[in-house]
Amino acid sequence: MEELMSPDVKLFSEFSLRSVTLKNRIAISPMGTYSAENGMLQPFHHTHYASFAMGGAGLVMIEQTSITRRGRVTNGDPGLWEDGQIAGMRALVSHMKSYGAKVGIQLNHGGRKSSMQRAFRGNAPLTERDLAMGEECWTPLAPSALPLAEGWLTPEAINADQLDGLRQAFVAAARRAVLAGFDLIEIHMAHGYLLQNFLSPLANHRDDDYGGSLENRMRFPLEVGSAGRAVI
């Protein structure tokens with residue numbers, strides 16, 4: 001413990017990101033719990049996330065939160081695609097902030113990995129049995145109509161109108177995150193989800209301004225980032 005308290009150890013010192021100052025450098029990474037219902041947080045989320053804030057973490061990141069209903073990875077993903085989801089998020093954020101933590105959120109669209117089973121149930125395509133139990137299945141959206149691998153759903157290729165709608169959906173979700181009181185917003189560009197689909201030449205075979213060269217493949221993710229920054 002004496003070593004941890006040495007002035008050379010920065011773990012317990014403040015750290016600033018733009019206008020946000022963390023009380024220490026302990027950050028809890030976003031963890032997919034797949035426990036939401038119709039995009040709405042449940043009592044589980046308060047227990048799960050508040051425990052990290054109560055434990056003294058300087059930053060707690062909320063798991064990937066979908067910007068559209070169709071952009072959910074699973075039926076258990078939380079969402080910020082409508083205003084009715086703000087109140088639940090605000091209550092959770094307020095709870096965690098009462099312990100001195102800063103709270104961040106990860107905004108995401110699942111791309112061609114959408115409409116899958118929850119990870120703790122196999123992270124596989126939904127079966128007839130799942131549908132009979134009330135799970136919802138839908139056609140994913142992606143830059144190109146290319147499934148991730150054999151056995152995965154074939155996505156619908158995004159057209160120009162849908163591109164504009166998705167850009168605006170990221171913006172609207174960012175606005176709702178601000179209204180819910182989040183201190184930090186992260187746009188998910190990894191794990192084979194929508195924005196990484198655009199970046200990857202394996203997933204993006206478009207022949208318009210959003211495909212082909214690296215500059216073109218980066219265009220939509222950069223537009224999302226710029227539009228989100230403008231609204232917050």
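Residues numbered from 1 in each chain as written. Predicted model: local features only at pLDDT ≥ 70, side-chain atom pairs only at ≥ 80, totals over all residues. Heavy atoms only, no water.

1. So, helix α2 (residues 86-97)
Let me state the cut-off plainly: Each helix corresponds to a stretch of at least 4 residues labelled H or I by DSSP, and each strand to a stretch of at least 2 residues labelled E; elements are numbered beginning at the N terminus. Residue count minus one, scaled by 1.5 Å, sets the expected span of a helix. Accessibility here uses a 1.4 Å probe with only protein chains present; expressed as a share of the type maximum, an area under 20% marks a residue as buried, one over 50% as exposed, and anything in between as partly exposed. The directions considered for the arc run from the helix axis to the C-beta atoms. Here a residue-residue contact requires only that any non-hydrogen atoms of the pair lie within 4.5 Å.
End to end, α2 covers 16 Å across 12 residues, agreeing with the expected 16 Å (1.5 Å per residue, within 8%). All of the buried residues in α2 are Ile86, Met89, Leu92, Val93 and Met96. For α2, the angular spread of buried residues about the axis comes to 130 degrees, placing them on one side. Where α2 is buried, its residues contact α1 (43-54), β4 (59-66), β5 (102-108) and α4 (160-180).

2. Observations concerning the nonpolar core
Selection criterion: Throughout this description, the term nonpolar core refers to a set of buried Ala, Val, Leu, Ile, Met, Phe, Trp, Tyr and Cys residues connected via side-chain atoms within 4.5 Å.
Judged by nonpolar contacts, the single largest core of 35 residues is most densely connected at Val60, Ile62, Leu80, Met96, Ile105, Phe182 and Phe220. Only α1, β4, α2, β5, α4, α5 (194-199) and α6 (214-231) provide two or more residues apiece to this core. Ranked by the residues each element gives to this core, the list is headed by α4, at eight residues. Excluding residues that lie within four positions of it along the chain, valine 60 makes contacts with Ile28, Tyr49, Phe52, Ala53, Met96, Ala101, Lys102, Val103 and Gly104.

3. Some points on α4
Condition: Under the rule applied, a polar contact is a pair of N or O atoms within 3.5 Å (in protein, one hydrogen donor and one hydrogen acceptor; residues adjacent in sequence only if both atoms are side-chain atoms).
If you check α4, its first and last C-alpha atoms are 30 Å apart, about what 21 residues at 1.5 Å a residue would give, namely 30 Å. Among the residues of α4, the N-terminal cap falls to asparagine 159, whose side-chain oxygen and the backbone nitrogen of aspartate 161 are separated by 3.1 Å. Just past α4, the residue glycine 181 takes up positive phi, approximately 100 degrees.

4. Things to note about the pattern of salt bridges
Here is the rule: Salt bridge, as used here, is a side-chain nitrogen of Lys or Arg placed within 4 Å of a carboxyl oxygen of Asp or Glu.
By the definition in use, this model includes nine salt bridges. Here arginine 70 makes a salt bridge to glutamate 156, at a shortest N to O gap of 2.7 Å. One end of the pair, arginine 70, is in the loop between β4 and α2; the other, glutamate 156, is in strand β7 (residues 156-157), and 86 residues separate them in sequence. For arginine 70, a relative accessible area of 28% translates into the label partly exposed. A salt bridge links glutamate 223 to arginine 167; the shortest N-O distance between them is 2.8 Å.

5. Digging into the packing of aromatic side chains
The criterion, for reference: Each aromatic pair joins two rings of Phe, Tyr and Trp (for Trp, the six-membered one) with centres within 6.5 Å, and gets the label stacked for planes under 30 degrees apart, edge-to-face for over 60, and tilted for any other angle. Whether a charge lies above a ring is judged from NZ of Lys or CZ of Arg, which has to be within 6 Å of the ring centre and within 35 degrees of the ring normal.
Inspection of every chain in the model, using the stated rule, returns two aromatic pairs. Between the aromatic rings of phenylalanine 198 and phenylalanine 220, the centroid separation amounts to 4.9 Å while the plane-to-plane angle is 40 degrees, which identifies the pairing as tilted. Here the residue phenylalanine 198 occupies a position in helix α5, and phenylalanine 220 occupies one in helix α6, the gap between them amounting to 22 residues. Aromatic side chains tyrosine 210 and phenylalanine 220 sit 6.2 Å apart centroid to centroid with 80 degrees between the ring planes, which places their arrangement in the edge-to-face category. In this pair, tyrosine 210 sits in the loop between α5 and α6 while phenylalanine 220 sits in helix α6, placing the two residues 10 residues apart along the sequence. As far as the burial class goes, tyrosine 210 and phenylalanine 220 line up, both buried. Clustering of aromatic rings is evident, with ring pairs tying together Phe198, Tyr210 and Phe220. The positively charged end of arginine 72 is found above the aromatic ring belonging to tryptophan 138, 4.3 Å away from the centroid.

6. Some remarks on a nonpolar patch on the surface
Put simply, the rule reads: Each patch is built from residues that are more than 30% exposed by relative accessible area and take part in no salt bridge. Like charges join if they lie within 9 Å; nonpolar side chains (Val, Leu, Ile, Met, Phe, Trp, Tyr) join within 5 Å. Note on areas: Shrake-Rupley, 1.4 Å probe, and residue coverage restricted to the protein chains presented here.
Together, Val9, Leu11 and Phe12 line one region of the surface with nonpolar side chains, adding up to about 210 Å² of accessible area. Classification of leucine 11 by relative accessible area gives partly exposed; the value is 32%.

7. A short note on unusual backbone geometry
Even without being a glycine, tyrosine 34 presents a positive backbone phi close to 55 degrees. With respect to the helices and strands, tyrosine 34 occurs in the loop between β3 (27-28) and α1. Take tyrosine 34: its relative accessible area is 14%, and that puts it in the buried class. Phi angles above zero are rare outside glycine, and histidine 191 is one such case at about 60 degrees. Relative to the assigned elements, histidine 191 resides in the loop between β8 (184-187) and α5.

8. A short note on the pairing of β5
Regular strands have side chains that alternate between both faces of the sheet. Threshold: Strands were regarded as paired on the criterion that DSSP finds at least two bridges between them. Note on handedness: a crossover is taken as right-handed if, strands pointing away from the viewer, the path from the first strand over the helix to the second is clockwise.
Buried residues dominate β5, accounting for six of its seven residues. Bridge count between β4 and β5: seven bridges; the pairing is parallel. Residue pairing in the sheet places methionine 61 in a bridge with glycine 104 of β5. As for the winding sense of the linkage, the β-α-β connection from β4 through α2 to β5 is right-handed. Bridge count between β5 and β8: four bridges; the pairing is parallel. Each residue of the ladder has a partner; that of glutamine 106, found in β8, is glutamate 186.

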